Amino acid sequence: MYYIDEELKQNILSEAPSDEPARQLFFIEECRKILSERAEELKRHLTCCVNTFGCQMNAKDSEKLLGILTQIGYVPVETEDADFVLYNTCTVREHANVRVYGRLGVLKHSKDKNPDMIIALCGCMMQEEQVVEKIRKSYRHVNIIFGTHNVYMLAELLFDYLCTGINRTEILKGTDRIVEELPSERKYPFKCGINIMYGCNNFCSYCIVPYVRGRERSRRREDILREIRNVAAQGVIEVMLLGQNVNSYGLDFKEGDPNRISFPELLEEVSKVKGIERVRFMTPHPKDFSDELLETIAKNPKIARHIHLPLQSGNTEILRRMNRKYTKESYLELVDKIHEKLPDVAITTDIIVGFPGETESDVDDTIDVVKKAAFDNAFTFIYSKRTGTPAASFENQVSEEEVKKNFDKLLKVVQETARKQSEKMTGKIDKVLVESVNEQDSSLMTGRLSNNMLVHFPGDESLIGSFVDVSLDECKGFYFMGHIV
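Numbers given for residues are sequential positions, taken from 1 along each chain in its written order. Confidence filtering applies because this is a predicted model: local features only for residues at pLDDT of at least 70, side-chain atom pairs given and counted only at 80 or more, and all residues used for totals across whole chains, interfaces and linings. Side-chain metrics in this entry use all non-hydrogen atoms of the structure; hydrogen atoms and water are not considered.

## Looking at the overall build of the chain
Counting secondary structure elements, the chain contains 14 helices and 19 strands. For the chain, the C-alpha radius of gyration of 24 Å lies close to 23 Å, the compact-globule estimate for 485 residues. C-alpha extents for the chain along the principal axes are approximately 70 × 55 × 55 Å. For the exposure calls, accessible area comes from a 1.4 Å probe over protein chains only, and a residue counts as buried if that area is under 20% of its type's maximum, exposed if over 50%, partly exposed in between. For the chain, buried positions account for 55% of its 485 residues. Sequence-distant contacts, at least 24 apart, represent 73% of the contacts inside the chain between residues at least 6 apart. Areas reported as accessible are Shrake-Rupley estimates using a 1.4 Å probe. Residue values count occlusion only from the protein chains shown. Taken as a whole, the chain presents about 21800 Å² of accessible surface, with 49% of it coming from carbon and sulfur. Here the positive residues are Lys and Arg and the negative ones are Asp and Glu; neither His nor the chain ends is included. The location of each charge is read from NZ of Lys, CZ of Arg, CG of Asp or CD of Glu. Distance between charge centres in the chain, computed from 65 positive and 76 negative side chains, equals 1 Å. Here a strand is any run of E in DSSP of at least two residues, a helix any run of H or I of at least four, and the numbering for each starts at the N terminus. Note that the radius of gyration is over C-alpha atoms, with the globule rule given as 2.2 Å times the number of residues to the power 0.38. For this analysis, residues touch if any pair of their heavy atoms sits within 4.5 Å.

## Points about the packing of aromatic side chains
Centre distance and the angle of the planes are the two values used to describe a pair of aromatic rings. Here a Phe, Tyr or Trp ring, Trp counted by its six-membered ring, pairs with any other such ring whose centre lies within 6.5 Å, and the pair is stacked when the planes are under 30 degrees apart, edge-to-face when over 60, and tilted otherwise. Across all of its chains, the model carries 13 aromatic pairs by this definition. Aromatic side chains Phe27 and Phe159 sit 5.3 Å apart centroid to centroid with 45 degrees between the ring planes, which places their arrangement in the tilted category. Remark: Phe159 occurs in helix H6 (residues 154-164) and Phe27 occurs in helix H2 (residues 22-42); sequence separation between them is 132 residues. Taking relative accessible area as the criterion, Phe159 reaches 1% and is therefore assigned buried. Relative to Phe355, the ring of Tyr206 has its centre 6.4 Å away and its plane inclined at 85 degrees; by these criteria the two rings are edge-to-face.

## Here we look at the side chain of Asn202
Looking at the element boundaries, Asn202 is found in the loop between strand S8 (197-198) and helix H7 (209-213). Only 3.1 Å separates the side chain of Asn202 from the side chain of Lys287, close enough to count as a polar contact. The residues touching Asn202, leaving out its near neighbours within four places in the chain, are Glu216, Asn245, His285, Lys287, Asn323 and Lys325. Polar contact is defined as a pair of N or O atoms within 3.5 Å, subject to the rule that within protein one atom must be able to donate a hydrogen and the other to accept it, and that residues adjacent in sequence are counted only when both atoms are side-chain atoms.

## Looking at the pattern of salt bridges
What makes a salt bridge here is a side-chain nitrogen of Lys or Arg within 4 Å of a carboxyl oxygen of Asp or Glu, nothing more. Enumeration according to the criterion identifies 44 salt bridges in this entry. Between Asp365 and Lys328 there is a salt bridge; the shortest N-O distance is 3.5 Å. With a gap of 37 residues between them, Asp365 in helix H13 (residues 360-373) and Lys328 in helix H12 (residues 328-341) connect regions that are remote in the sequence. Several salt bridges converge on common partners, so that one network encompasses Glu360, Asp364, Glu402, Lys405 and Lys409.

## Description of the environment of Pro189
Here Pro189 is to be found in the loop between strand S6 (168-170) and strand S7 (191-195). For Pro189, a relative accessible area of 52% corresponds to the exposed category. When the C-alpha positions of Pro189 and Arg23 are compared, they lie 27 Å apart, and in sequence the two are 166 residues distant. Residues contacting Pro189, with those up to four places away along its chain left out, are Gln234, Gly235 and Val236.

## As for the sheet that holds strand S10 (residues 238-242)
Strand pairing is defined by DSSP finding a minimum of two bridges between the two strands. Taking strand neighbours across the sheet as the criterion, the three strands line up as S7-S10-S11 in an open arrangement whose pairing is parallel. The sheet is open, and its two edges are formed by S7 and strand S11 (278-282), each paired on a single side. Sheet twist, expressed as the mean angle between neighbouring strand axes with direction ignored, is 25 degrees. Inspection of the sheet shows S7 paired to S10 by five bridges, in the parallel sense. By the bridge assignment for S10, Cys192 is matched with Val239. Between N-to-C directions, angles span 0 to 180 degrees; the directions come from axes that are lines fitted to C-alpha atoms, helices contributing only their stretch in contact. Seen against the sheet, helix H8 (residues 221-233) touches S7 and S10 and runs at an angle of roughly 165 degrees to S7.

## Some details on the environment of Glu78
Among the structural elements, Glu78 can be located in the loop between strand S2 (75-76) and strand S3 (84-89). The spacing of Glu78 and Thr47 is 31 residues in sequence and 9.7 Å in space, taken between C-alpha atoms.

## Observations concerning the nonpolar core
Here, nonpolar core refers to any group of buried Ala, Val, Leu, Ile, Met, Phe, Trp, Tyr and Cys residues whose side-chain atoms link them within 4.5 Å. In this structure, Val239, Leu241, Phe263 and Ile338 are the most contacted members of the largest nonpolar core, which totals 66 residues. Setting aside residues up to four positions removed in sequence, Phe263 forms contacts with Ile196, Leu241, Val246, Asn247, Tyr249, Phe281 and Leu293. Formed by 37 residues, the second largest nonpolar core is a distinct cluster that contains Leu86, Ile144, Phe159 and Tyr161.

## Some thoughts on the sheet that holds strand S18 (residues 467-475)
An order of S15-S16-S17-S19-S18 is seen for the five strands of this closed barrel, with the pairing classed as mixed. Taken pair by pair, the neighbouring strands of this sheet meet at an average axis angle of 50 degrees, ignoring direction. Note: strand S15 (residues 429-437) against S18, five bridges, orientation antiparallel. Looking at S18, one finds that Ile429 is bridged to Ser471.

## Side note on the pairing of S7
The side chains of a regular strand alternate, first on one face of the sheet and then on the other. Counting buried positions over the five residues of S7 gives five, a clear majority of the element. Residues Lys191, Gly193 and Asn195 point to one face of S7 and Cys192 and Ile194 to the other, with burial holding for every one of them.

Okay, structure coming up:
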């Protein structure tokens, strides 16, 4: 490991700005100087690998983390045989934690071979005290630990470690600070996610997110629009607005604050940004889905015809115990309203099977909703008992055998319904945003419709990042084969 003189470190710290993001930009530059010297000694570039677990908000955070590391001087690689390895963790399911522990065990061998390797952990999993204690005790080869509230501090924490060689843990219990204007390394040059808010106030009984992400905090409208204008100037034509519950955007601002606008109003302003051709959002909560939002989508062709509307269960009593705050009937009424107002929309959903106390009859209620709602796709999950949530202590945990039987029964209906919905589009011509060369066949390109359906068709790399009209020739269930017209 390489350190700098304590006196020099203190001199550098005394010069660091107190305001963000200027403070982090300062530490990026100081880390860059240290790593530049190290790279010269080794006569090679230093490499980094960022692995992301979990949701799209984590993916967005990882773009920022990778952007910071790249600015510091690291060269991104896919393999974990790197000089700096960072896991951006998820803790929604207990299994996610187990996966990280397993990966850390493997990394121990890599670090034994390369003692100068730096290992860092961040994200939701780090907001759990017992997890951090376990890592500090059993995985001492982890050098930097930080949480969801201070993701932006990576450069400062790295600077401290580079100077001292002492493992660093910095977990904030909560914050009202939002720091976004830092370097970002986007996966795609033509589309990106934009955080519009953080946290969640809903406290679903099975979910750990409010405890690790904190209360809802909205970004200022002008900050969001400035970021979107900037990425549009860089060639981005599609943005996805991200939040745990986007319907709640702006409600945490006081009455009279110019930032207190509704989510539909924000959608309208975003769609007016020059260069932005398509706007998506993730995720709305059914209990807050307003008529205003429907009207806004209906009158604006730039807003994608795709709504992800988590159901979780089709049984009203299970929904009550989940603390979802809607009923089977009110959910179906909302779906009918959406289909009536947006006949070309695709509705996808999330469903949990095996919630404590769930019976086969309750699963039949969920299947009934799947059929009536005619979902275009549904992401089905087996309930995971999550320590720290109310549902973890509920009685009548469902047996593994019963869960599997009900899960398979539901999945069959989900797949049949999704295929029927997809087949309705056969023969139509629709606009596709070309995203990549097809992974299985390099003569094909892969793109995405407004309704989020994947389409594969003959073409070449010059089409990537542009919209083309494609005939949807053959439905393959969850994707189409087509050709450019």
